[in-house]
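Listed below are the residues making up each chain.
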Amino acid sequence: TPVCPHSLSFRPLVFPDHVQLCIQVPQDARSRMFASFDGKDRQELGPGDAVIVRMSQWPIPTVCSRDPSRDWFMGIREGLHWNTRRVQAGAGQ
C-alpha cells in the first residue's frame, strides 16, 4: 500500500508486488540526503547508501468488508475527496 497517502505534499507511488526498488545516493553527491519512512523521523543517507523497497515475505493481514484493494482505496478516496467534484452554486447564490 502507499506510504503516507494522507499527506497531500507527497504523492504515493504504487508498484506491483514483484517489483524491487533500489534508491541509491550517488558516490559523488554534493549535498546531504535524507529518507523518511512512513512519515516519521528522517534518516540521513551518506554517499553510496541505498534503500531497497520490496514486498515483505510476511504481509500484514487487513480486515475489509468487500475486498482488500477496493476498501482501502475507497477509504483514501473518500477521506481526501479524490476524483470528486463539488456541485457549484448558481449565480447569485
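Above: the structure in question.
Just so it is clear, the structure is predicted and the values come from calculations on it, not from any experiment.

Take the environment of Ala35 next. Summarising the element assignment, Ala35 is placed in strand 2 (residues 33-36). Judged by its relative accessible area of 13%, Ala35 falls in the buried class. Through-space distance from the C-alpha of Ala35 to that of Val51 is 8.6 Å; in sequence the pair is 16 residues apart. Each residue touching Ala35, except ones within four places of it in the same chain, is listed here: Asp41, Arg42, Gln43 and Leu45.

A few words on the packing of aromatic side chains. Applying the stated criterion across every chain, the model contains zero aromatic pairs. The ring of Phe34 carries Arg42 above its face, with NZ or CZ at 3.9 Å from the centroid.

Bringing the environment of Phe15 into the picture now. Mapped onto the secondary structure, Phe15 falls in the segment before strand 1 (21-24). For the pair Phe15 and Arg54, spaced 39 residues apart in sequence, the C-alpha separation works out to 9.4 Å.

Reading guide: rules and limits
- Residues numbered from 1 in each chain as written.
- Predicted model: local features only at pLDDT ≥ 70, side-chain atom pairs only at ≥ 80, totals over all residues.
- Heavy atoms only, no water.
- Helix = DSSP H or I, 4+ residues; strand = E, 2+ residues; numbered from the N terminus.
- Buried < 20%, exposed > 50% of the residue type's maximum accessible area, 1.4 Å probe, protein only.
- Contact = heavy atoms within 4.5 Å.
- Phe/Tyr/Trp six-rings, centres within 6.5 Å; stacked < 30°, edge-to-face > 60°.
- Lys NZ or Arg CZ within 6 Å of the ring centre and 35° of its normal.

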